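Structure at a glance
The lines below spell out each chain.
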Amino acid sequence: MPIERLPQWQIEPSQEATPSPRHRTSSWFMSLMLSGISGYLYLNLFVLPNVPILLSGDQVFFWMNGQRMLHGERPYLDFFQFTPPGADVFYFALFRVFGPHIWVLNFAVLILGVALCWLCFVIANQIMERHLAVLSALLFLTLIYTRLLNATHHYFSALAVMSATAILMREDSPRRLAIAGALLGIASFFTQTHGAAALLAFTLLLCWERYGADGSWQSFWRKERILLLSFATALLILSAPFIASAGLKQLWYCQVTYVRKVMVHPPETHLLGMPQYPNLRTLPLLFVISEYSRHFLVYGMLPTTYLVVLMRCRRKLFPPTFCFRKV
């Protein structure tokens, strides 16, 4: 069977490096897909030809903070903030370069959405066939990202974590570990918990691989040191200006103590954060079914996918050439 007809997860590592028509057309395919995603997002963010739509959501807090920084105010001193300053700095940099305009904010949402969809495709393309990888990216685009259109700190940190995942899926060489650790540090610069949780996940992966391989922990600690050092270095470098201006004690109170005492609370609704309509009984039944089925689909897909894949791995239903490490 020719290589170009094989699903990507069936290609041997030696075969994968062999040039093929499929690889030669990859750049054209990616350009076409990303152009379509960009056009779709543009139609949701601008009124043709070039009138930006003012967006709401949590991103308003961060671009307003960026605007305050543009006028000389300092986070944690002149205005209160309980997340790391990554999103504030991002919008400050955009305003510094392009000026405080609404189209700048919408353009940031567009670029962020394209980057997230591209990473969805890159990661999925390593463990499934290409048309299914495209489907995964489009499901994220239509069911999740476009529904909110909110370039908040969560998405920026998720982008960094996904980038680290894509880098370590192929191999865990020292160079890739250092880059991944730095990306996790960047993730913690936007959301303090995201980078730390991903760092723990990568640590568990390295631990599981060493335990399953030969039981030797020397290789594990060597890789773990690289990951931890690059994570701490990146986070410290990014946070250094704010530590110098506000002090480590003030940052710790805002990002840790305040969050633990005030922001940690049960879900805002009885349905774990899903919308709760006070006039539910008066709404049309078709609207209620459509509204909640969409949420249940998004929430249910993730654990269902994990369960199915783990069961297939346990029963060894994948081909012998399948790389379980990527899963």
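Refer to the structure printed above.
Presented here is an overview of the structure given in this document. Since we're looking at a predicted model, the values are computed, not measured.

The next subject is the pattern of salt bridges. Under the criterion given, the structure shown has four salt bridges. Ionic pairing is found between Arg176 and Glu171, a salt bridge with its closest N-O pair at 3.3 Å. Put simply, Lys223 and Asp172 hold a salt bridge, and the shortest N to O gap is 2.9 Å. Taken together, the residues span a long stretch of sequence, with Lys223 in helix α11 (residues 218-246) and Asp172 in the loop between α8 (153-170) and α9 (174-190) at a distance of 51 residues. The exposure class of Lys223 is buried, given its relative accessible area of 14%. Judged by its relative accessible area of 15%, Asp172 falls in the buried class.

Attention now goes to the environment of Leu143. Checked against the element boundaries, Leu143 lands in helix α7 (residues 130-148). Spatially, the C-alpha atoms of Leu143 and Val298 are 7.2 Å apart, while their sequence positions differ by 155 residues.

Moving on, we get to unusual backbone geometry. Cis geometry is found at the peptide bond from Leu48 to Pro49, where omega equals 5°. Mapped onto the elements, Pro49 comes out in the loop between β1 (46-47) and β2 (51-52). One non-glycine residue, Tyr76, adopts positive backbone phi at about 75°. The exposure class assigned to Tyr76 is buried, which follows from its relative accessible area of 3%. With phi around 50°, Leu149 is a residue other than glycine that occupies positive phi space. Tracing the sequence through the fold places Leu149 in the loop between α7 and α8.

A grouping of Val97, Phe98, Trp103, Phe107 and Ile111 is seen on the molecular surface, where their side chains present a nonpolar patch of about 500 Å² in accessible area. Broken down by secondary-structure element, the contributors of at least two residues to the nonpolar patch are α5 (86-98) and α6 (102-125). Per element, the largest residue contribution to the nonpolar patch is three residues, and it comes from α6. Taking relative accessible area as the criterion, Phe98 reaches 43% and is therefore assigned partly exposed.

This brings us to the packing of α5 against α6. The description of two helices packed together rests on the angle between their axes and the distance between the axes. One can describe the packing of α5 onto α6 by two numbers: an axis separation of 10 Å at closest approach and a directional angle of 130°. Judged on the interaxial angle alone, α6 and α5 are oblique. Relative to α6, α5 is oriented so that their crossing is right-handed. Contacts from Phe90, Tyr91, Leu94, Phe95 and Phe98 of α5 reach α6 at Trp103, Val104, Leu105 and Ala108.

Rules used throughout
Once a new chain begins, its residue numbering starts again from 1 and follows that chain's sequence as written. The predicted origin of the model limits local features to residues at a pLDDT of at least 70 and limits the giving and counting of side-chain atom pairs to 80 or more, whereas totals for whole chains, interfaces and linings rest on all residues. Note that the side-chain values use all heavy atoms of the structure and ignore hydrogens as well as water. The salt bridge definition used is simple: a Lys or Arg side-chain nitrogen within 4 Å of an Asp or Glu carboxyl oxygen. A helix here means a DSSP run of H or I that spans at least four residues, while a strand means a run of E at least two residues long, and both kinds are numbered starting from the N terminus. Only protein chains enter the accessibility calculation, which uses a 1.4 Å probe. A residue is then buried if its area is under 20% of the maximum for its type, exposed if over 50%, and partly exposed in between. For patches, a residue must show more than 30% relative accessible area and have no salt bridge; joins then use 9 Å for like charges and 5 Å for nonpolar side chains, namely Val, Leu, Ile, Met, Phe, Trp and Tyr. A 1.4 Å probe and the Shrake-Rupley method give the accessible areas. Residues count as covered only by the protein chains that appear here. Axis definition: a line fit to C-alpha positions, over the contact stretch in the case of helices; interaxial angles, taken between N-to-C directions, run 0 to 180 degrees. Throughout, the term roughly parallel applies to angles under 35 degrees, roughly antiparallel to angles over 145, roughly perpendicular to angles from 65 to 115, and oblique to all others. With the far helix as reference, a near helix turned anticlockwise by less than a right angle produces a left-handed crossing, and one turned clockwise produces a right-handed crossing. Contact definition: two residues touch when any of their heavy atoms are within 4.5 Å.

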